[in-house]
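Single-letter residue listing:
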Amino acid sequence: MSEQEQKLERLNMMSRRQFLGAGGLALGAVALGACGTDDAVTTTTAAPAAPATTAGATATTAGATETTAAASRIPTTTATGFTVGYNNPNRMLRAPLFIGQSQELGFFEEVGITDFTVNDADDPVPPTLAGEYKVVLFDSDVLFDAIYKEVLDAKMISINLGAQPLILIANEGITSADDLRGKRVSGGRPGQVNEAIAKFMLQELGLDWQTDVEFTEMTGGSNDWVQAMLTGQIDATIAFSRHIPLAVEAGGGALYQDFFNAPQGGFAMTSEELAADPDFAAAWNYAYINAQRWVKTRDNFDDLVRILSEEFQIDLPDAFFDPEVWEIDGKILSQDLGFDPVEMDAWMDFVIPFGNVAPDINDQWRSYFDISGLHVAQAALGLDLNPSADLSSGKELVDNF
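The shown structure was predicted, so the numbers you read here are calculated from the model rather than taken from an experiment.

Q: Could you clarify how one ought to interpret unusual backbone geometry in this entry?
A: For the peptide bond that leads from Asn386 to Pro387, omega is 0°, which places it in the cis range. Residue placement: Pro387 occurs in the segment after α16 (372-380). Within the chain, Gln313 stands out as a residue other than glycine whose phi angle is a positive 50°.

Q: Would you mind showing me how to read the pattern of salt bridges here?
A: A side chain of one charge can pair with a side chain of the opposite charge when the charged atoms of the two come close. Within this structure, the stated rule accounts for 10 salt bridges. Residues Glu104 and Arg306 are paired through a salt bridge, measuring 3.0 Å at the closest nitrogen-oxygen approach. Remark: Arg306 occurs in helix α13 (residues 301-311) and Glu104 occurs in the loop between α3 (91-99) and α4 (107-110); sequence separation between them is 202 residues. A relative accessible area of 45% places Glu104 in the partly exposed class. A salt bridge links Asp303 to Arg306; its shortest N-O distance comes to 3.1 Å. With Asp303 and Arg306 both in helix α13, this residue pair falls 3 residues apart, about one helical turn. Residue classification places Arg306 among the partly exposed residues on the basis of a relative accessible area of 28%. Within the structure, one salt-bridge network assembled from shared partners comprises Glu104, Asp303 and Arg306.

Q: Would you take a moment to explain the packing of helix α6 (residues 140-148) against helix α15 (residues 341-351) for this structure?
A: Helix-helix packing is described using two parameters, namely the angle between the two axes and the distance between the axes. The interhelical angle for the contact between α6 and α15, taken along N-to-C directions, is 80°, at an axis separation of 11 Å. It follows from the interaxial angle that α6 and α15 lie roughly perpendicular. Between α6, through Ser140, Asp141 and Phe144, and α15, the contact on the second element is made entirely by Met344, Met348 and Val351. In the contact of α6 with α15, the residues fall into 4 nonpolar, 1 polar and 1 charged.

Q: Help me understand the pairing of strand β10 (residues 214-217), please; the structure alone is not making it clear to me.
A: The side chains of a regular strand alternate between both faces of the sheet. Strand direction decides the pairing type here: strand β9 (residues 184-186) and β10, joined by 3 bridges, are parallel. Residue Ser186 lies in a different strand from β10, and its bridge partner there is Thr216. For the handedness criterion, the β-α-β arrangement of β9, helix α8 (residues 193-204) and β10 is classed as right-handed.

Q: Looking at this structure, how should I read the layout of surface pockets?
A: A probe matching the size of a water molecule, rolled over the atoms, marks out where space remains unfilled. Within this model, the largest pocket holds a volume of roughly 1300 Å³. For the largest pocket, the lining is made up of 41 residues, of which Asn87, Asn88, Asp139, Asn194 and Phe240 are closest to its centre. If you list the elements that add at least two residues to the lining of the largest pocket, you get α3, β7 (135-139), α6, β8 (154-170), α8, α9 (222-230) and α14 (323-332). The element best represented in the lining of the largest pocket is α6, accounting for 5 residues. In terms of residue class, the lining of the largest pocket is made up of 18 nonpolar, 12 polar and 11 charged. Estimated volume of the second largest pocket: approximately 280 Å³. Contributing elements (two or more residues each) for the lining of the second largest pocket: β8 and β12 (253-270).

Rules of the game
Residues numbered from 1 in each chain as written. Predicted model: local features only at pLDDT ≥ 70, side-chain atom pairs only at ≥ 80, totals over all residues. Heavy atoms only, no water. Helix = DSSP H or I, 4+ residues; strand = E, 2+ residues; numbered from the N terminus. Salt bridge = Lys/Arg side-chain N within 4 Å of Asp/Glu carboxyl O. Buried < 20%, exposed > 50% of the residue type's maximum accessible area, 1.4 Å probe, protein only. Axes fitted to C-alpha atoms, helices over the stretch in contact; angles between N-to-C directions. Parallel < 35°, antiparallel > 145°, perpendicular 65-115°, else oblique. Contact = heavy atoms within 4.5 Å. Nonpolar A, V, L, I, M, F, W, Y, C, P; charged D, E, K, R; others polar. Pairing = 2+ DSSP bridges. Right-handed = clockwise from strand over helix to strand, strands pointing away. 1 Å grid on protein atoms, 1.4 Å probe; cavity = no way out; pocket = protein on both sides within 12 Å on 5 of 7 lines; lining within 4 Å. Points joined across faces, edges and corners; volume = space filled by probe spheres on them.

Quick look at the structure:
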């Protein structure tokens, strides 16, 4: 069993009672000033460009497992003037959306996708239902639950965010697990996945969250929790990459830092949109793989900053320039928009106790994907088909699936 599999097994062995029982001290709705960069990027539109020639995507055999030796024809479509929903404020994670549109690189223009707008929504379900988005980023559990409950008729077409960072930061003077004993530790809002992750990290540090620390529930978002730590209301908190430099600047740092593989989020389209533009998913995934790989390449960092700042006027926080933050965020972005179904099963096992998804979701979610366009894109790029099974058929064609 690999280290990642062992970690997931330890995480999933923790029961709902262990996660959610014996709640901590509630701070209440304290008005805390935001820090970091939780404020979302406002609507941004790329400069119009002429679409590439339409040449419908080549078909791929469902369930094919062999690697395409030579790149096949580039999938194209004609799509312009639409809106993409992307409800994650992290500038690095959002960067492929803009890099792909840049006049200099033209990844989207190459496949006939031009002039789209990026919008935010805390809850992507209502605007998706209203037809406001052509393609939208969804947390896996949120999309699966909406489809399961027949709220949405949609399919996930690829996985954009393929890992879950585990970060616990602490104030000055706390440099070990022993230093944390008796201190107040935030797990964020009660009953959420972040609470479970915080308790898991304490367990990995050899601490009992019920007896060794004062586990503290909080309201607000991650920037609020970090601000509460920096002002001394709490001593440590679950956090994200952009918060590590803030802790270091204040004399503290990351007490726990790790990853586990989790296909936590990806792009989805309604069945109506997929039927209306059957070539779009392949073209979108092809361009996005190129843009995402470009963003993940450290040698491109100076150009990344220049394009985001000058062409798109995106305000980049100080944390964006921290190499450690870049390294963490780069690992979250998937390499080929694919994923391992075993890891999705494990991620769902983790979120099931919180009521985010149905208990039998691992018997259902495979039918919530349409990876035919992803396979076309991967084949056109000469990549292995990933996943290499036809999920929608229910056939598991590789042993470890």
